[in-house]
Structure formats: structure tokens, C-alpha cells
Amino acid sequence: MAYWLVKSEPSVYSWDQFVKDKQTFWSGVRNYAARINLRAMKKGDEVLYYHSNEGVEIVGIAKVIKEAYQDPTTEDERWVAVDLKPVRKLKNAVSLDILKKDKRLANMDLVRLGRLSVQTVKDEEWKIVMEMAETP
């Protein structure tokens, strides 16, 4: 299993709306690096849900339920979407500031590649974020 992170502005598509919808397709990605990541996602992979621009924090965990397919928001066959479902809200949201202060996460995509909307998360990074989310 691999780990990922997706970003959404809460005013556009919040975690609460995602939970209410019970699942969604992750579409509209028009960045080549993000597209590579979408194509690499496999059913069952876990995904950190990050609120960008407002809140700037990891708020929940989702799961890939359908692998890459033609993005329904464009006719251009090069762009793909995946289906995600919410798994659980984190006990404590993990802010970008907290992530940046932890030297163990200096190479995390979220810290290094701030604008990338679909990112990889290494196993060790996942464990650290989960520890942070469980600690008050």
C-alpha cells in the first residue's frame, strides 16, 4: 500500500462536505507531476486530506476506491481522476506550521513542493503525521 496527500480549499470542497457526500471523484488536476501521482494510486491506498489556503492543515484520511480513469471534467484523454472515500477525521488536525518545524519531515512533498495538489507520502512521514494527529 502507498500513501498520498490531496489538497482542497475548504471553501471549494471541505472535509465535512466530502464526509457528507460519502465519496467523490478527484478531478480537475492539470499539473503533470500531480497527474503522475494520480495514475500511480491503487485501490486501497490511503490518502491524507489537506485543507489548503484556509486552515492549511491535514484534517482527515481517505481511501482510493477506484483507480485512474478519464477525468470527466475534460475531453482531453491525458487527464485522469480517481475515486476517494473518507475513512476518518483526524483526532487533531496537523498544521503546515507543525509539519515544517519537525526536521524529520524536511523532505516531505508538502513541505518542499507546496503547490503540488496530489503528492506522495513516504511510510515514515505517514507514521509521524499519525503520531502528531493522535497527540493533543
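1. Let's talk about the packing of aromatic side chains
- Considering all chains together, one arrives at 7 aromatic pairs under this definition.
- Measuring from ring centre to ring centre gives 6.1 Å for Tyr13 and Phe18, while their planes differ by 55 degrees; the resulting arrangement is tilted. The same class applies to Tyr13 as to Phe18, namely buried.
- Ring centres of Trp15 and Tyr49 lie 5.4 Å apart, and the angle between their planes is 70 degrees; this geometry places the pair in the edge-to-face category. On the criterion of sequence distance, the pair formed by Trp15 in helix α2 (residues 15-21) and Tyr49 in strand β3 (residues 46-51) is long-range, its members being 34 residues apart. With respect to burial, Trp15 and Tyr49 carry one shared label: buried.

2. What to know about the side chain of Arg35
- With respect to the secondary-structure elements, Arg35 resides in helix α3 (residues 32-40).
- No salt bridge is formed by the buried Arg35; the nearest opposite charge belongs to Asp76, separated by 6.1 Å.
- Within the local environment of Arg35, its side chain forms a polar contact with the backbone oxygen of Arg78, the two atoms lying 3.2 Å apart.
- If sequence neighbours within four positions are ignored, Arg35 has contacts with Val29, Arg78, Trp79 and Val80.

3. Here's the deal with the pairing of strand β5 (residues 80-95)
- Alignment of strand β2 (residues 24-26) against β5, held across 3 bridges, turns out to be antiparallel. Its bridge partner lying in β5, Phe25 is registered against Asp83.
- Pairing of strand β4 (residues 57-70) with β5, which is carried by 10 bridges, proceeds in the antiparallel orientation. The residue of β5 that forms the bridge with Lys63 is Lys85.

4. A word on the environment of Glu134
- With respect to the secondary-structure elements, Glu134 resides in helix α6 (residues 123-134).
- Counting along the chain gives 44 residues from Glu134 to Leu90, while the straight-line C-alpha distance between them is 7.6 Å.
- When near neighbours in sequence (up to four residues on either side) are disregarded, Glu134 contacts Arg88, Lys91 and Asn92.

Rules and cut-offs
- Residue indices begin from 1 for each chain and proceed along its sequence in written order.
- Local features in this predicted model are restricted to residues whose pLDDT is 70 or higher, and side-chain atom pairs enter the listing and the counts only when it is 80 or higher, whereas totals over whole chains, interfaces and linings include all residues.
- Think of the side-chain values as coming from all heavy atoms in the structure, minus any hydrogens and water.
- Pairs were defined over the aromatic rings of Phe, Tyr and Trp, the Trp ring being its six-membered one, requiring ring centres within 6.5 Å. Orientation was assigned from the angle between planes: stacked under 30 degrees, edge-to-face over 60, tilted for the rest.
- For every residue, the accessible area (1.4 Å probe, protein chains only) is compared with the maximum for its type, and the residue is labelled buried under 20%, exposed over 50%, or partly exposed between those bounds.
- Working definition: helices are DSSP H or I runs of at least four residues, strands are E runs of at least two. Numbering for both runs from the N terminus.
- His residues and chain termini do not enter the charge count, which takes Lys and Arg as positive and Asp and Glu as negative.
- For this analysis, a salt bridge means a side-chain nitrogen from Lys or Arg found within 4 Å of a carboxyl oxygen belonging to Asp or Glu.
- Within 3.5 Å is the distance limit for a polar contact, defined as a pair of N or O atoms, with the added protein rule that one can donate a hydrogen and the other accept it, and that residues adjacent in sequence qualify only through two side-chain atoms.
- Any two residues having at least one pair of non-hydrogen atoms within 4.5 Å are treated as being in contact.
- Here the rule is simple: two strands pair whenever DSSP picks up at least two bridges between them.

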